[in-house]
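# A structural walkthrough
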Amino acid sequence: MQLSPEDEQFRRRVRQWLEQGLTGRFAALRGAGGPGREEEAHAGRLAWNRHLAAAGWTCLSWPPEHGGRGATLAQQVIFHEEYARAGAPTRVGYLGEELVGPTLIAFGTPEQQRRFLPAIKAVDELWCQGYSEPGAGSDLAAVSTTAALDGDEWVITGQKIWTSLAHVADWCFLLARTQAGSRRSEGLSYLLVPMRQSGITVRPIRQLTGTSEFNEVFFDGARTRRDLVVGAPGDGWRVAMGTLSFERGVATLGQQIGFERELGRLVEAARRTGAADDPVLRDKLARAWIGLAAMRAHALHTLEGGPEPAGPGAASAGAASTGAASTGAASTGAASTAPSVLKMLWSRWHQELGELAMEVLGAPSMVARGAPYDLDDWQRLFLFSRADTIYGGSDEIQRNIIAGRALGLPRQARP
Ligand SMILES: Cc1cc2nc3c(=O)[nH]c(=O)nc-3n(C[C@H](O)[C@H](O)[C@H](O)COP(=O)(O)OP(=O)(O)OC[C@H]3O[C@@H](n4cnc5c(N)ncnc54)[C@H](O)[C@@H]3O)c2cc1C
């Protein structure tokens, strides 16, 4: 990516602000949060996220008329890279900033935008995403949670699952069936629902890592106002797919800086444990470095709008692109395979890094540091990265998308 002198100046400004910002009460937050460690220092990270907001470092990509900075692509990339490089804590408001905020900008009414965007930007309200259900994950169109109008309110009944951060969220954006008897993607609506009400029960799910960052959420006559539907009632599928298309855009480059740091720490550990003298492990470490370089090149190429390799599916790509719903970000109708390729590259890479870490650290990595379940960072990475190939659209779903869009293979028969 070509950076101008202004971009370099922007980088210096971000770097300097972060260096100064991550001192005093925020110094201890470096490295806190992130996948598998969302429970860490929540109150401190919330305060940090609000501090970022007050200085204008949230919602960089949003247009100025909606309170954003209207940052260029290069500036967004720089911000995420510098943020990761500084080891700044994972933001607690990212679901609002990166998913529901852009959705409201694209599909919301002016009233909805005025009501919600300032609070998202200031991190005054936190959000969670209520898509998945026990019977609707990869096959999102199987959503069975219902919402029916009762006067001026929607009444919601059903269950969501794997809802990240629902236990700290003020609001949930969810997909519910509002047209009785409708099937698949028809008759769904995209609702904004306040979480703190008696009709909602949030039950944490304990994960392999011993922590609980996602939840089951039960809606038992929960209510939200009639006008808090985004897009028209019954048009929720289109809006929901729009949200998925915002998932992990430029933030992916920040994620890669985090990966680079993890690999750097693993190389140091390999030197310390002697694993660096083992030819097989040396080979795997070198391959990890190559994988990271390939991922970065792919991400930059994609963000800059570079062409995809021509495949036999190019002509029929549009036809193969939607349908069997997936929570993969790529299922929006734009026939690109790039998000699927990137998702597969990083999720596989990260899982393999966790496995490699266990090999580098050897037998001690099999024992928890303390009772009853006090894991170190590597053990946590190894265990949590099992989820990498599931959330944001599983590997199998990404392969199906690539098979249809790039290779032009027929859509898989539904059992
Ligand atoms: C850490 C984490 C956080 C999450 N956070 C959220 C959240 O905040 N909000 C939310 O709504 N959801 C969230 N999810 C849920 C996530 O989107 C789903 O887990 C995912 O879409 C897969 O759905 P499922 O778990 O129901 O698995 P299923 O869809 O039942 O799939 C089970 C297995 O079958 C495979 N499979 C399914 N269909 C096909 C097919 N057509 N062809 C080939 N193989 C197939 C899958 O790849 C998978 O291996 C989260 C998940 C995780 C792990």
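Definitions and cut-offs
- Residues numbered from 1 in each chain as written.
- Predicted model: local features only at pLDDT ≥ 70, side-chain atom pairs only at ≥ 80, totals over all residues.
- Heavy atoms only, no water.
- Helix = DSSP H or I, 4+ residues; strand = E, 2+ residues; numbered from the N terminus.
- Rg over C-alpha atoms; globule rule 2.2 N^0.38 Å.
- Buried < 20%, exposed > 50% of the residue type's maximum accessible area, 1.4 Å probe, protein only.
- Contact = heavy atoms within 4.5 Å.
- Areas by Shrake-Rupley, 256 points an atom, 1.4 Å probe, with all protein chains shown as cover.
- Lys, Arg positive; Asp, Glu negative; His and termini not counted.
- Charge placed at Lys NZ, Arg CZ, Asp CG, Glu CD.
- Pairing = 2+ DSSP bridges.
- pLDDT = per-residue confidence, 0-100.
- Salt bridge = Lys/Arg side-chain N within 4 Å of Asp/Glu carboxyl O.
- Polar contact = N/O pair within 3.5 Å; in protein donor to acceptor, adjacent residues only side chain to side chain.

Another aspect to go through is the overall build of the protein. Within the protein one finds 12 helices and 8 strands. Expected size for 415 residues packed as a compact globule is a radius of gyration near 22 Å; at 22 Å, the protein falls within 12% of this value. On the principal axes, the C-alpha backbone points of the protein span a range of 70 × 55 × 55 Å. Here the protein holds 415 residues, and 49% of them are scored as buried. Summarising the internal contacts of the protein: among those between residues at least 6 apart in sequence, 74% fall at separations of at least 24. Accessible surface, the protein: about 19,000 Å² in total, of which carbon and sulfur atoms supply 55%. Separation between the mean location of the 44 positive side-chain charges and that of the 45 negative ones in the protein comes to 0 Å.

The next thing to look at is the pairing of strand β5 (residues 188-194). Taking burial as the measure, the 7 residues of β5 include 6 buried ones, the bulk of the element. Strand direction decides the pairing type here: strand β4 (residues 171-177) and β5, joined by 7 bridges, are antiparallel. Bridged to Cys172 within β5 is Val193.

Right, let's get into the confidence of the model for the protein. Taken residue by residue, the protein gives an average pLDDT of 90. The fraction at 70 or more is 94%. For the stretch residues 315-334, pLDDT sits under 50, and the model shows 56 contacts to residues farther than four places along the chain or on other chains.

This part covers the pattern of salt bridges. Scanning all chains against the criterion turns up 29 salt bridges. Here Glu98 and Arg91 are joined by a salt bridge, their closest N and O atoms 2.6 Å apart. The class for Arg91 is buried, based on a relative accessible area of 10%. Connected via shared salt-bridge partners are Glu8, Arg11, Arg15, Glu81, Glu82, Arg85 and Arg296.

So, on to the environment of Leu52. Topologically, Leu52 is positioned in helix α2 (residues 42-54). Sequence-distant contacts of Leu52, that is, excluding residues within four places in its chain, are made with Trp17, Trp57, Thr58, Tyr83 and Arg91.

Among the structural elements, Ser182 can be located in the loop between β4 and β5. A distance of 3.3 Å separates a polar side-chain atom of Ser182 from the backbone oxygen of Glu186. Residue contacts for Ser182: discarding those within four places in its chain leaves Arg177 and Gly187.

A few words on the pairing of strand β7 (residues 214-225). Note: strand β3 (residues 153-164) against β7, 10 bridges, orientation antiparallel. Looking across to β7, one finds that Glu153 is bridged to Arg225. With 6 bridges joining them, strand β6 (residues 200-205) and β7 adopt antiparallel strand pairing. Among the inter-strand pairings, Val202 is bridged to a residue of β7, identified as Val217.

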